[in-house]
Amino acid sequence: MDQLYCMRVFARVVEQGSFARAAEDLDIARPSATTAVAQLEKRLGARLLNRTTRRLSLTDEGRAFYEGCVRILDELAEVEDSLSGARHAPRGTLRVSTPNAFIQQAFFPALPRFLARCPELSVEIVLTDRAVNLVEEGIDCAVRAVPVPDDSTLIARPISKVKRVTCASPDYLRRHGTPRSVAELAQHQCIRFISPSTGRVADWGFERGTEKLSFAPRGNFALTSLEGAVAAAVAGIGIAQVSDVLALRALRAGALQPLLLEWVVAGPSVMVVYPSNRYLTAKVRAFTEFAAEVYPPEGCWEEILKIGASQASRPRPRRAASRRGPATRA
């Protein structure tokens, strides 16, 4: 077999984690995929993959060879794209990892436009809140809203700035009054967010110019999903602090009202990341451009300020202190 063909097969086996899935993706028979990798190992005189009945894993030699294969195959694809014009016609399969919270609100409604724009592209979305290993799990790119370490092997392309908004439902505010300061939050039920990675309740941050405050939310309800925190706030359980992207739909509908807008809290940017050992392929470039359309570069804080200004023109109740005491820590 041709060595370049064997390298393509080997790279796809690594990325798919399976001979069968790689063969299906390449539209070849499974024995052909097995033979191609075996011929590479014979030619190199080294075992590239550890095989068990349940999974495949790279040997040290296999990992080094895979990285070299990716560079060679990507450089070849780049040359082919530049000559054929395929850079402007994404094709093949695009596997994207994205957290649940950032895809439900705006991404899915806009997805038909992306699929219509790229008719030769098949899209697979991996919904998970964990930071996947793009190479080992065969992911082309990922949407993330957490900082990428300086020593990361990923290239990050910021697409939108995120801020956190403190908000509650009109029903909750009618029953318990509207907090006018950070200090008054201590008299309210706060929906607490438990970090899935640390197991700790996250403090709320507030910034106004050079002034910064940290508030430990108190209340009898906590959960590990920011999307769930939005739903809980809409249900009138209490006050939540979540990203503006997640709260925007409920704020537009009037199901939530923004609070304490004189305080601004910047969150991590929404980014599209992909392995640094790969050039920006046509399909990843197309997806990055699409994501930038879905999520405004400056976020949606200006719109939230307008919503807040519109709601501020209507009378708001003060906190009814006689109806309930300070929230107790759960």
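See the structure shown above.
What counts, and where the lines are drawn
- Residues numbered from 1 in each chain as written.
- Predicted model: local features only at pLDDT ≥ 70, side-chain atom pairs only at ≥ 80, totals over all residues.
- Heavy atoms only, no water.
- Helix = DSSP H or I, 4+ residues; strand = E, 2+ residues; numbered from the N terminus.
- Buried < 20%, exposed > 50% of the residue type's maximum accessible area, 1.4 Å probe, protein only.
- Contact = heavy atoms within 4.5 Å.
- Salt bridge = Lys/Arg side-chain N within 4 Å of Asp/Glu carboxyl O.
- Core = buried A, V, L, I, M, F, W, Y, C linked by side-chain atoms within 4.5 Å.
- Phe/Tyr/Trp six-rings, centres within 6.5 Å; stacked < 30°, edge-to-face > 60°.
- Axes fitted to C-alpha atoms, helices over the stretch in contact; angles between N-to-C directions.
- Parallel < 35°, antiparallel > 145°, perpendicular 65-115°, else oblique.
- Left-handed = near helix turned anticlockwise from the far one by under 90°.
- Nonpolar A, V, L, I, M, F, W, Y, C, P; charged D, E, K, R; others polar.

A. Here's a closer look at the environment of R30. Positionally, R30 belongs in helix α3 (residues 30-44). Look at R30 and you get partly exposed, because its relative accessible area is 45%. On a C-alpha basis, the gap between R30 and F19 in space is 6.4 Å, while along the polypeptide they are 11 residues apart. In contact with R30, not counting residues within four places along its chain, are F19, A20 and A23.

B. Seen up close, the pattern of salt bridges. Taken as a whole and assessed by the stated rule, the structure comprises 10 salt bridges. In this structure, the salt-bridge partner of E41 is R51, at a minimum N-O distance of 3.2 Å. Taken together, the residues E41 in helix α3 and R51 in strand β1 (residues 49-51) connect sequence positions 10 residues apart. Exposure remark for R51: the relative accessible area of 35% places this residue in the partly exposed category. Ionic pairing is found between R95 and E124, a salt bridge with its closest N-O pair at 2.9 Å. On the criterion of sequence distance, the pair formed by R95 in strand β3 (residues 92-98) and E124 in strand β4 (residues 121-127) is long-range, its members being 29 residues apart.

C. Seen up close, the nonpolar core. Grouped together as the largest cluster of nonpolar side chains are 26 residues, with contacts concentrated most on L94, F114, C141, F287, F290 and Y295. Elements that contribute at least two residues to this core include exactly β3, α5 (100-104), α6 (107-117), β5 (141-144), β15 (270-275) and α10 (282-294). At six residues, α10 tops the list of elements feeding residues into this core. Those residues in contact with F287 that sit more than four places away from it in its chain are L94, V96, F107, F114, C141, V143 and V272. If you look at the next biggest cluster of nonpolar residues, it comprises 23 residues, including V13, A33, F65 and L73.

D. Molecular detail of the packing of aromatic side chains. Per the stated rule, a full pass over the model turns up nine aromatic pairs. With a centroid separation of 6.2 Å and an interplanar angle of 65°, the aromatic rings of F107 and F108 are classed as edge-to-face. Note on F108: relative accessible area 33%, which makes it partly exposed. An angle of 70° between the planes, with centres 5.4 Å apart, marks the rings of F107 and F290 as edge-to-face. Taken together, the positions of F107 in helix α6 and F290 in helix α10 put the pair 183 residues apart, joining distant regions of the chain. With respect to class, F107 is no different from F290; both count as buried. An aromatic cluster is present here, built from F107, F108, F114, F287 and F290 joined pairwise through their rings.

E. Main features of the packing of helix α8 (residues 226-234) against helix α9 (residues 244-253). For the pair α8 and α9, the least separation of the axes is 10 Å and the interaxial angle reads 25°. Relative to α9, α8 is oriented roughly parallel. Two packed elements cross with a definite hand, and for α8 against α9 that hand is right-handed. From α8, L226, E227, V230 and V234 reach across to α9, where they touch L246, A247 and A250. For the contact of α8 with α9, the per-class residue count stands at six nonpolar, no polar and one charged.

F. Looking closely at unusual backbone geometry. With phi around 60°, D27 is a residue other than glycine that occupies positive phi space. Its place among the elements puts D27 in the loop between α2 (19-26) and α3. Positioned with a positive phi, L260 is a non-glycine residue whose angle comes to about 50°. Mapped onto the elements, L260 comes out in the loop between β13 (257-259) and β14 (265-266).

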